[in-house]
Amino acid sequence: AQVVNADFVKSSVRPDDCPRDGLPEFALVGRSNVGKSSLLNSLVRRKRLALTSKKPGKTQCINHFKVNDSWYLVDLPGYGYASAPQEARTNWDEFTRNYFLSRENLVSVFLLIDASIPAKKIDLDYASWLGQNKVPMTLVFTKCDKRKKKKNGGRRPEENVETFQSLIREYFEAAPPWIMTSSVTNQGRDEILLHMSQLRNY
Ligand code: GTP
Ligand code: MG
């Protein structure tokens, strides 16, 4: 399940622009700044293949990266970025939801949740929408290296993860698979790659 090579293929702003070769793909979605681009870099062992930033709103297009010449990782802009113009946010939201519902080669959505803070309503709502629409989903908890802090609710990552899962249970017939990760320590990297290869059937 290891990554031998990974290449940036293209940035798209409309579904019609996305690659049409039908290779299986996995999309990384989640709140702005949750660590989507960092996770992608961790998975492919490259520091700056996908661009990251301390400031939310870094990724603005749908970015396709081809792995081992045979499947795609898709980096998406984050949701919930309050400083982006409302029109841009609505547009982006509509597009991604349509993409999730219609993209035939999308094997699974990887919904990233920040494990260093308590569950946020916007993330619960997003999980609920994916569940109700039966979009195949894997939960990825990020920033598990971060120690608990009072200002973050004073809970350990494990506690936040458990609470989040119990809050979304009602939206799913079967609890979605979940993986704890850190792009700093690379925790969860092999587990995600193995899970992706099982989902692709090779
Ligand atoms: P947008 O593209 O703006 O939606 O953000 P993103 O989800 O792609 O987040 P990005 O990967 O750019 O990371 C945002 C910030 O979080 C950066 O400062 C990262 O260094 C930091 N970060 C990401 N993953 C981790 C992690 O696992 N642990 C820690 N401690 N910090 C992380
Ligand atoms: Mg990003």
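In the annotation of an unreviewed UniProt entry, the protein is listed under the name EngB-type G domain-containing protein and assigned to Miscanthus lutarioriparius. Quoted verbatim from the Cofactor (unreviewed entry) field of UniProt, the annotation for the protein is "Mg(2+)". According to the UniProt record, the Sequence similarities (unreviewed entry) comment for the protein is "Belongs to the TRAFAC class TrmE-Era-EngA-EngB-Septin-like GTPase superfamily. EngB GTPase family."

(A) Focus on the nonpolar core. Ranked by internal contacts, the top residues of the largest apolar core, which has 35 residues, are Leu 28, Leu 111 and Leu 112. Those elements that place two or more of their residues in this core are strand E2 (25-30), helix H1 (36-44), strand E3 (62-67), strand E4 (71-75), strand E5 (106-114), helix H3 (121-132), strand E6 (137-142) and helix H4 (157-168). When residues of this core are assigned to their parent elements, the largest contribution, five residues, is made by E5. Leave out the neighbours within four places in its chain, and Leu 111 touches Val 29, Gly 30, Tyr 126, Ala 127, Leu 130, Met 137, Leu 139 and Val 140.

(B) Inspection of the sheet that holds strand E7 (residues 178-180) at higher detail. Read from one edge of the open sheet, seven strands run E1-E3-E4-E2-E5-E6-E7, paired in mixed fashion. Single-partner strands in this sheet number two, and they are strand E1 (6-12) and E7. On average, adjacent strands in this sheet sit at an angle of 25 degrees to one another, irrespective of strand direction. Taken together, the six bridges between E2 and E5 define a ladder with parallel strand orientation. Residue pairing in the sheet places Glu 25 in a bridge with Leu 106 of E5.

(C) Spatial organisation of the pairing of E6. Along E6, five of the six residues are buried, which leaves the element largely enclosed by surrounding structure. Of the strand pairs in this sheet, E5 and E6 are connected by six bridges, and their pairing is parallel. Paired with Ile 113 across the bridge in E6 is Phe 141. Chirality of the crossover, the property in question, places the unit of E5, H3 and E6 among those that are right-handed.

(D) Here's a closer look at unusual backbone geometry. Phi at Asn 33 takes a positive value of approximately 80 degrees, unusual for a residue other than glycine. Locating Asn 33 in the fold gives a position in the loop between E2 and H1. For Lys 143, which is not a glycine, the phi torsion comes out positive at approximately 60 degrees. Structurally, the position occupied by Lys 143 is in the loop between E6 and H4.

(E) Representation of the confidence of the model for the protein within the structure. Looking at the protein, the pLDDT average stands at 92 and 99% of residues meet or exceed 70. Here the predicted complex scores 0.94 on pTM and 0.99 on ipTM.

Cut-offs applied
- Residues numbered from 1 in each chain as written.
- Chains lettered and ligands numbered in written order.
- Predicted model: local features only at pLDDT ≥ 70, side-chain atom pairs only at ≥ 80, totals over all residues.
- UniProt positions renumbered as here; feature names shortened; annotations may be inferred.
- Core = buried A, V, L, I, M, F, W, Y, C linked by C-beta atoms within 7 Å.
- Buried ≥ 20, exposed ≤ 12 C-beta atoms within 10 Å, placed from the backbone.
- Helix = DSSP H or I, 4+ residues; strand = E, 2+ residues; numbered from the N terminus.
- Contact = placed C-beta atoms within 7 Å.
- Pairing = 2+ DSSP bridges.
- Axes fitted to C-alpha atoms, helices over the stretch in contact; angles between N-to-C directions.
- Right-handed = clockwise from strand over helix to strand, strands pointing away.
- pLDDT = per-residue confidence, 0-100.

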